[in-house]
Amino acid sequence: EERNKLPVSYDLWEMHEGVHLYSLAAIYAAFQSMKEIGDILRPVFETNNRLKVEAMNKLEARITKYQEEMKNFILTNLYDEQTKTFLRNQNDNRTDISELGIVVPFEIFSPKEKKVLNTVERMNMTLRTYTGGYLRFEQDHYRGGNSPWPISTAWMGMYYQKAGEKTKAKECLEFIVNTANKHGFLAEQVSNETMQPNWANGLGWAHAMFILLV
């Protein structure tokens, strides 16, 4: 009875349980890494272990099939035909910056595909604040939910880099630099009114995303 039920998990914000676009994208990318490891190892065995190579080839075929099934699942169950945008999970249609994960870092879809462009346009209409920073998701209630996150802004900057939009990527980078405190620390959130950190400061995740963007 349980076999055909999809397992649920928490989203990356540790707030909602369900089947998430970001989680599926991460698994898809993990499969891709397994295939790339196989490409590196296969030449080592080709001359002296034919059975090993055959087993690796069969495994790669299975992994490719899993990837195809996952991508089809995403297009069928995590894409809204009415708005022509991707969905963060199966439970609601709130826009979430983590939807960018299908492009960066997990590379299921290219940055210029129409479905992706539509999703990014919706993010700019719902998540971009008047100061140029980005919220993490629509209708966020954590600490008021109105403050941009350096994490989200760096993520959008990385998307623009991948899309070749250098000016927009630079704007995201400048927002993060300009809202760091006097010691260069990046916060979890930034006040739109003061353009200064207004919550947990020196957030490791924010610094990591900034490094990736740079």
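Residues numbered from 1 in each chain as written. Predicted model: local features only at pLDDT ≥ 70, side-chain atom pairs only at ≥ 80, totals over all residues. Heavy atoms only, no water.

Draft legend 1. Structural view of the packing of aromatic side chains. Counted under the stated rule, the structure contains 9 aromatic pairs. Where Tyr 22 meets Phe 106, the ring centres are 5.3 Å apart and the plane angle is 65 degrees; that geometry is what we call edge-to-face. A residue pair is termed long-range when its members are at least 10 positions apart, and Tyr 22 in helix 1 (residues 21–46) and Phe 106 in the loop between strand 4 (85–86) and helix 3 (114–126) qualify at 84 residues. By relative accessible area, which is 23% here, Tyr 22 ends up partly exposed. In this structure Phe 106 comes out as buried when scored by relative accessible area, which is 16%. In this arrangement the basic side chain of Lys 52 is found over the ring face of Phe 45, its NZ or CZ atom lying 5.7 Å from the centre. Sitting over the face of the ring of Tyr 79, Lys 115 holds its NZ or CZ atom 5.1 Å from the ring centroid. (Phe/Tyr/Trp six-rings, centres within 6.5 Å; stacked < 30°, edge-to-face > 60°. Helix = DSSP H or I, 4+ residues; strand = E, 2+ residues; numbered from the N terminus. Buried < 20%, exposed > 50% of the residue type's maximum accessible area, 1.4 Å probe, protein only. Lys NZ or Arg CZ within 6 Å of the ring centre and 35° of its normal.)

Draft legend 2. Quick peek at the packing of helix 1 against helix 2 (residues 50–77). Packing of helix 1 against helix 2 leaves a shortest axis separation of 10 Å and a crossing angle of 160 degrees. As judged from the angle between their axes, helix 1 and helix 2 are roughly antiparallel. Seen from above, helix 1 lies across helix 2 with left-handed handedness. Here the residues of the contact of helix 1 with helix 2 sort into 15 nonpolar, 5 polar and 8 charged. (Axes fitted to C-alpha atoms, helices over the stretch in contact; angles between N-to-C directions. Parallel < 35°, antiparallel > 145°, perpendicular 65-115°, else oblique. Left-handed = near helix turned anticlockwise from the far one by under 90°. Nonpolar A, V, L, I, M, F, W, Y, C, P; charged D, E, K, R; others polar.)

Draft legend 3. Quick look at a nonpolar patch on the surface. Residues Met 15, Tyr 142 and Trp 199 make up a contiguous nonpolar surface patch of about 270 Å² in total accessible area. Structurally, Met 15 can be placed in the loop between strand 1 (9–10) and strand 2 (17–18). Looking at Met 15, the relative accessible area reads 38%, which means it is partly exposed. (Patch = residues over 30% accessible without salt bridge, like charges linked within 9 Å, V, L, I, M, F, W, Y side chains within 5 Å. Areas by Shrake-Rupley, 256 points an atom, 1.4 Å probe, with all protein chains shown as cover. Salt bridge = Lys/Arg side-chain N within 4 Å of Asp/Glu carboxyl O.)

Draft legend 4. Representation of the pattern of salt bridges. If you walk through the whole model with that rule in mind, you get 12 salt bridges. With a closest N to O distance of 3.0 Å, Arg 88 and Asp 96 form a salt bridge. Across this residue pair, the class does not change: Arg 88 and Asp 96 are buried. Two residues, Lys 112 and Glu 165, come together in a salt bridge whose shortest N-O distance is 3.6 Å. Of this pair, Lys 112 sits in the loop between strand 4 and helix 3 while Glu 165 sits in the loop between helix 4 (150–163) and helix 5 (166–178), and the two are 53 residues apart along the sequence.

Draft legend 5. Examining the packing of helix 4 against helix 5 more closely. Between helix 4 and helix 5, the least distance of the axes is 8 Å, while the angle of their chain directions is 160 degrees. Classified by the angle between their axes, helix 4 and helix 5 sit roughly antiparallel to one another. You can see that helix 4 and helix 5 cross each other, and the crossing is left-handed. Judged by residue contacts, Pro 150, Thr 153, Ala 154, Met 156, Gly 157, Tyr 160 and Gln 161 of helix 4 engage Lys 168, Ala 169, Cys 172, Phe 175 and Ile 176 from helix 5. A class-by-class count of the residues in the contact of helix 4 with helix 5 yields 8 nonpolar, 3 polar and 1 charged. (Contact = heavy atoms within 4.5 Å.)

Draft legend 6. Summary view of the environment of Phe 109. Relative to the elements of secondary structure, Phe 109 occurs in the loop between strand 4 and helix 3. Sequence separation between Phe 109 and Phe 73 is 36 residues; the distance between their C-alpha atoms is 14 Å. Residue contacts for Phe 109: discarding those within four places in its chain leaves Lys 71, Ile 74, Leu 75, Phe 86, Ile 102, Val 103 and Val 116.

Draft legend 7. Highlighting the side chain of Arg 42. Here Arg 42 is to be found in helix 1. Discounting chain neighbours no more than four positions away, the residues touching Arg 42 are Val 53, Met 56, Asn 57 and Glu 60.

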